[in-house]
Amino acid sequence: MVAPLLLKNGRVIDPANGLDGIRDLLLVEGKIAAVTLPGEVDGPAGVETLDLAGKWVVPGLIDMHVHLREPGQEHKETIETGTLAAAAGGFTAVACMPNTKPVNDNEAVTQLILAKAAARGSARVYPVGAISSGSRGEALAEYGEMKQAGVVAVTDDGLPVVNSQLMRRALEYAGNHELLVISHAEEPTLSQNGAMNDGALATRLGLRGIPHVAEEIMVYRDLALAQYTGRPIHIAHVSTRESVDLIRRAKAKGVAVTAETAPHYFTLTEAAVDQYNTRAKMNPPLRRQADVDAIRQGLRDGTLDAIATDHAPHSELDKDVEFDLAANGIIGLETAVPLTLRLVREGILEAGGMIALLSVNPARILGVGGGALSVGAVADVTVIDPEKEFVYGPEAVHSKSVNSPFLGWQFKGKAVLTILAGRVTYSDFPG
Amino acid sequence: MYSTHRFSHKHILGLADLSVEDMGLILQTAESFKEISTRAIKKVPTLRGKTIVNLFFEPSTRTRLSFEVAAKRMSADTFNISGSGSSTVKGETLIDTARNLDAMNPDCIILRHSRSGSPRLLADHIDASVINAGDGTHEHPSQGLLDLMTVKEAKGTISGLKIAIIGDIAHSRVAHSNIIGFSKMGATVAVAGPATLIPPGVEEMGATVCGSVAKAVEDADVIMALRIQKERQHDPLLPSLREYANFFGVSQKLVGAAKPDAIIMHPGPINRGVELDPKIADGSRSVILDQVTNGVAVRMALIYLIMGGD
């Protein structure tokens, strides 16, 4: 039995319901019981009441692209620690990528993930299954069985689907099971295990470059296949200007495409890897300012539908090595809100737009529900203090790994209260 | 003219980190040390009691020997560790290997490694000084300095010269250090080669990219041919070495377009008949063996300066 909770005087931002105003929110038995003008609801006798004046009250945030590492790489992250990091970042739901060990390409792995999430999770976990068996890029995985077990989409994320016929068949067959196909767009014969963005900096550092066309060629191929098969496609972690443009044009033609980018792609350039900083090494790599600008524009004009963190925990063993050998990826769950708030303060996004990109949009893309503060809906609610200043230090990280290029950054704004089905999963309140 | 400059670097990781004054002081010091190698007793006691480790993870004859000779002529104790004999084959990380070496209190570790940036990684984790003896496709600063010394010796100056570097600019750490070093010292650096071997943005390091080898060599004071590595099979960079030799090799005809007193350089080892016509390699304009001689002097100077000598 969950105790009722009355959230008073907050700025309720609920883009799914077209609401942005000061409201009271009453949560009873894990559901949203009322959304009213201030003072119009009292709740049951003795209800715990929080005065949220100056805070944002938004739908529980949804990160549609995280790596929880369990099973197989529990030294980097577990479902328990990863969902704790999610809650601390304001997320009530995450979609976890299938590149675990073993790969999530069957119902047994899916069931294991869901069982662990149910037992020890601090957020909803939506498993994403593999496109191909073992993510080897050869044969289709068993989508029907995985769907029954609970996967919400399929991808070979971490690896591109090199074989175009396999990608076509995946799009076609995923339709039978109403599964979304998510594309990790990378042409590997061009990226060639490169270590960073191709260009002058890569030349100066003596690192093999990944040209931006390696992404764009695959984005184009997958858009073409989506158009040809008439099936929806979702493009993961968009990092280049031309990718944004390709997606924009495909949308204009009516192709069923959605796309996400990550906070690092609208915040950092390749300059972050200078001095061989492996904490800024990722795939796709950080690009240039023109790409950053285009991604911001894509978020602003709706070309990009979602902000997802690509939360990719790695231990020191994977990162404190020669740059070429260092693992790709950074953690992101606990920095997504402050980094995205920067776009709001810069006037690139409105508050409602930011919240849509982090909640209702990914919910709709994945078809998982949530992302709205409707009366009667499950009470997944996040409270953001847009003014709270803090330094992001390693001691504050809830994730099991601390591989972030943002360590030491001074931020303004963070999630201060995360509520999952009426229960508080994270509180830094009043703080 | 540089005698008042104090050398303040603990590590030598690349010429990108060194100022014109630093490089001037290194060259000046190397010039004064060169004479030691011509004595009957080729040894001075300057670095007696100092310990220098040659940590070489890539095969190297010339550079490793040159550093070892340099250290021994300064009376330092030297130890050689090669990739196959090291614990990395047992799965130890570079940082662990370095920390273990560091625990034995060496004064300087000289590192050759196939991965760009590994000397920086080492320097960040140990107390000893680190000299980069070539890292991946990043830099080879001692080679760049010995090339500067050789040109200065032959031409009397570096500023105002035209240096043509021909060949695999993309994968050559020697080219990178030379482009940075020569352009910082006031020379013009023209590079040319197959477009597949010209890296993006090399202009930002200080090079001018020429569309043809002939254009790069035109009126040059120095022609440097780079080794073409036959072992790069993963990337279709060249149709054949035969075609490379015909269109990009430094030939006698090509040398005719340079200044009459132009010198020929090569960092070695040479693929004779591929990037360089053997007659030119052995001809009167070649300073290739002077490069090797100067390599010892430059490395003596580097070791001396980072150990606080002045």
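Scoring rules and cut-offs
- Residues numbered from 1 in each chain as written.
- Chains lettered and ligands numbered in written order.
- Predicted model: local features only at pLDDT ≥ 70, side-chain atom pairs only at ≥ 80, totals over all residues.
- Heavy atoms only, no water.
- Pairing = 2+ DSSP bridges.
- Helix = DSSP H or I, 4+ residues; strand = E, 2+ residues; numbered from the N terminus.
- Axes fitted to C-alpha atoms, helices over the stretch in contact; angles between N-to-C directions.
- Contact = heavy atoms within 4.5 Å.
- 1 Å grid on protein atoms, 1.4 Å probe; cavity = no way out; pocket = protein on both sides within 12 Å on 5 of 7 lines; lining within 4 Å.
- Points joined across faces, edges and corners; volume = space filled by probe spheres on them.
- Core = buried A, V, L, I, M, F, W, Y, C linked by side-chain atoms within 4.5 Å.
- Buried < 20%, exposed > 50% of the residue type's maximum accessible area, 1.4 Å probe, protein only.
- Buried area = accessible area lost by both parts, 1.4 Å probe.
- Salt bridge = Lys/Arg side-chain N within 4 Å of Asp/Glu carboxyl O.
- Polar contact = N/O pair within 3.5 Å; in protein donor to acceptor, adjacent residues only side chain to side chain.
- Domains from an automatic or database assignment.

### A word on the sheet that holds strand 2 (residues 77-82) of chain B
Residue and element names in this part refer to chain B. Pairing within the open sheet is parallel, and its four strands lie in the order 2-1-3-4. The sheet is open, and its two edges are formed by strand 2 and strand 4 (129-135), each paired on a single side. Along the sheet, successive strands turn relative to each other by an average axial angle of 15°, direction set aside. Where strand 1 (residues 51-56) lies against strand 2, six bridges are found, and the strand directions are parallel. Pairing of V53 across the sheet is with F79, part of strand 2. On the sheet, helix 4 (residues 118-125) packs against strand 3 (108-113) and strand 4 and is oriented at approximately 165° with respect to strand 4.

### As for empty space enclosed by the protein
Residues and elements named next belong to chain A. Under the criterion given, the structure shown has one cavity of 30 Å³ or more. By volume, the largest cavity is sized at about 60 Å³. As for the largest cavity, its lining consists of H184, A185, E186, I210, P211, A214, E215, H237, N283, P284, P285 and R287.

### Re the sheet that holds strand 8 (residues 222-225) of chain B
Residue and element names in this part refer to chain B. Taking strand neighbours across the sheet as the criterion, the five strands line up as 7-6-5-8-9 in an open arrangement whose pairing is parallel. Here the strands that pair on one side only, and so sit at the sheet edges, are strand 7 (207-209) and strand 9 (263-265). Within the sheet, the average angular offset between the axes of one strand and its neighbour, ignoring direction, is 25°. Two strands pair when backbone bridges link them, and strand 6 (residues 188-192) and strand 7 are joined in this way by three bridges, in the parallel orientation. Bridging from a neighbouring strand, V189 pairs with A207 of strand 7. Where helix 5 (residues 141-155) meets the sheet, its contacts fall on strand 8 and strand 9, and the angle it forms with strand 9 comes to roughly 165°.

### Some points on the nonpolar core
Ranked by internal contacts, the top residues of the largest apolar core, which has 90 residues, are W56, Y143, I233, L299 and M354 of chain A. With six residues, the top contributor of residues to this core is helix 11 (residues 336-345) of chain A. Core analysis: the second largest hydrophobic core is formed by 63 residues, V44, I263, A297 and M300 of chain B among them.

### A look at the interface of chain B and chain A
Contacts between the two partners involve 21 residues from chain B and, on the opposite side, 17 residues from chain A. Between chain B and chain A, the buried area comes to about 1,600 Å², and carbon and sulfur atoms account for 57% of it. Contact with chain A buries surface across chain B, with R115, S116 and P200 of chain B losing the most and accounting together for 30% of the total. At the surface where chain B touches chain A, the tally comes to one salt bridge. A salt bridge links R115 of chain B to D324 of chain A; the nearest nitrogen and oxygen atoms lie 3.6 Å apart. Counting the contacts that link chain B with chain A gives six residue pairs in polar contact (both at pLDDT 80 or more). Only helix 3 (94-102) and helix 4 of chain B provide two or more residues apiece to the side of chain B that touches chain A. With three residues, helix 4 of chain B is the largest single contributor of residues to the side of chain B that touches chain A.

### What to know about the domain arrangement of chain A
Note on interface size: it is often stated as the accessible area lost on association of the parts. Residues and elements named next belong to chain A. Domain annotation of chain A identifies domain 1 (5-57 + 376-427) and domain 2 (59-366). Using only C-alpha atoms to locate each centre, domain 1 and domain 2 end up separated by 26 Å. Taken together, the contact pairs 38 residues of domain 1 with 51 residues of domain 2. Note on domain 1 versus domain 2: buried area summed over both sides is about 3,400 Å², and carbon and sulfur give 66% of it. Interface area lost by domain 1 to domain 2 is led by K400, N403 and F406, which between them contribute 19%. Our count for the domain 1 to domain 2 interface comes out at one salt bridge. Across the pair D380 and R124 runs a salt bridge whose closest N-O atoms are separated by 2.6 Å. On the surface where domain 1 and domain 2 come into contact, there are 17 residue pairs in polar contact (both at pLDDT 80 or more). Only strand 1 (5-14), strand 16 (381-391), strand 17 (410-420) and strand 18 (423-427) provide two or more residues apiece to the side of domain 1 that touches domain 2. In terms of residues, the side of domain 1 that touches domain 2 owes the most to one element, strand 17, which gives eight residues.

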